[in-house]
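# Breakdown of the fold
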Amino acid sequence: MKGKQTVLDMVRSLVVIGLVVGGIYLVIPHDEKADPTKVVDYRIETITARRAAPYPVAVPVGLPEQWRATSVAYTRKEASSWHLGFVDPQQQYVAVEQSSDATDGYVGRVTHRAQATGQTQQVGDQVWERWDGEKYDALVRREQGYVTVVTGTASFEQLGAMAAALEFKQGS
């Protein structure tokens, strides 16, 4: 009889735990329609990158608030690299990538193996190379000693909107 009491006690315990967990779930507010995008503030990282980078760091200015920054990083490993990721108004990903490694290998890595198309896109008074890929498309601009890549799942029109908003600064 002792074995049956142990099993019965365990079942009762599981029922009580289930009721407690269910009660907590009902009490804690949750919104399935809420936007899961975590927005980041990139001001401090921008100041740090602009002081440390050997090139003018590109940061968008004047984008509508529907463009939300989701990731930011500045690293100095093999090369100096700046990353700033956004979600655009159509919920597509757009990233600004810069590096002192201006090779096609770097561009291929940050664009998930996009390839140069041989076409260009005029953005303001600048000409950008178009790169096309299965996952990401990109606009690429090479300068003396560095490359700037605007890449992501967004259309070339949205990539161009980001490229047009970029302000290039170095120092403080």
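Refer to the structure presented above.
These notes cover the structure that comes with them. (Residues numbered from 1 in each chain as written. Predicted model: local features only at pLDDT ≥ 70, side-chain atom pairs only at ≥ 80, totals over all residues. Heavy atoms only, no water.)

### Considering the overall build of the chain
Broken down by element type, the chain carries four helices and nine strands. Ordered by position in the sequence, the α and β elements of the chain form the string α-α-β-β-β-β-α-β-β-β-β-α-β. Against the 2.2 N^0.38 benchmark of 16 Å for 172 residues, the chain shows a C-alpha radius of gyration of 24 Å, more extended than a compact globule. Its C-alpha atoms put the chain at 85 × 30 × 30 Å along the principal axes. When the 172 residues of the chain are sorted by exposure, 36% land in the buried category. Residue pairs at least 24 apart in sequence account for 49% of intrachain contacts in the chain once pairs closer than 6 positions are excluded. Averaging the locations of the 18 positively and 20 negatively charged side chains of the chain gives two centres separated by 10 Å. (Helix = DSSP H or I, 4+ residues; strand = E, 2+ residues; numbered from the N terminus. Rg over C-alpha atoms; globule rule 2.2 N^0.38 Å. Buried < 20%, exposed > 50% of the residue type's maximum accessible area, 1.4 Å probe, protein only. Contact = heavy atoms within 4.5 Å. Lys, Arg positive; Asp, Glu negative; His and termini not counted. Charge placed at Lys NZ, Arg CZ, Asp CG, Glu CD.)

### Here's the deal with the nonpolar core
Core analysis: the biggest nonpolar cluster contains 26 residues, and Trp82, Leu139, Val150 and Met162 have the highest contact counts within it. If you list the elements that add at least two residues to this core, you get strand 1 (57–60), strand 2 (68–76), strand 3 (80–87), strand 4 (93–99), strand 8 (146–152) and helix 4 (156–165). Of all the elements, helix 4 adds the most residues to this core, at four residues. With near-sequence residues (within four places) excluded, valine 150 lies in contact with Val94, Ala95, Trp128, Asp137, Ala138, Leu139, Leu159, Met162, Ala163 and Leu166. Listed in part, the nine residues of the second largest apolar core include Tyr106, Ala114, Trp131 and Val147. (Core = buried A, V, L, I, M, F, W, Y, C linked by side-chain atoms within 4.5 Å.)

### Description of the sheet that holds strand 8
Pairing is antiparallel across the open sheet formed by seven strands, whose spatial order is 2-3-4-8-7-6-5. On the outer flanks of this sheet lie strand 2 and strand 5 (115–123), each paired with one strand and no other. The sheet shows a mean angle of 20° between the axes of neighbouring strands, taken without regard to direction. By the bridge criterion, three bridges tie strand 6 (residues 126–132) to strand 7 (residues 137–143) in an arrangement that is antiparallel. Across the sheet, residue tryptophan 131 finds its bridge partner in strand 7, namely alanine 138. Each of strand 2 and strand 3 is contacted by helix 2 (residues 43–52), which is oriented at about 30° to strand 2, the strand it contacts most. With respect to the sheet, helix 4 is in contact with strand 3, strand 4, strand 5, strand 6, strand 7 and strand 8, its orientation differing from that of strand 7 by roughly 35°. (Pairing = 2+ DSSP bridges. Axes fitted to C-alpha atoms, helices over the stretch in contact; angles between N-to-C directions.)

### Concerning helix 2
Every buried residue belonging to helix 2 is among Thr46, Ala49 and Arg50, and all of these are buried. Considered in projection along helix 2, the buried side chains sweep an arc of 100° and stay on one side of the axis. In helix 2, the exposed positions angled more than 90 degrees off the buried face are occupied by Ile44 and Arg51. Each element contacted by the buried residues of helix 2 is listed here: strand 1, strand 2, strand 3 and strand 9 (166–169). (Arc of directions from axis to C-beta.)

### Let's talk about helix 4
Most of helix 4 sits inside the fold, with seven of its ten residues counted as buried. Buried residues of helix 4: Phe156, Gln158, Leu159, Gly160, Met162, Ala163 and Ala165, and no others.

### A few points about the side chain of glutamine 98
Examined against the element boundaries, glutamine 98 turns out to sit in strand 4. For glutamine 98, a relative accessible area of 0% puts it in the buried group. Of note is the side chain of glutamine 98, whose polar atom sits 2.7 Å from the backbone nitrogen of alanine 58. Other than its neighbours up to four places away in sequence, glutamine 98 contacts Tyr55, Pro56, Val57, Ala58, Ser80, Ser81, Trp82, Tyr106, Tyr146, Val147, Thr148 and Phe168. (Polar contact = N/O pair within 3.5 Å; in protein donor to acceptor, adjacent residues only side chain to side chain.)

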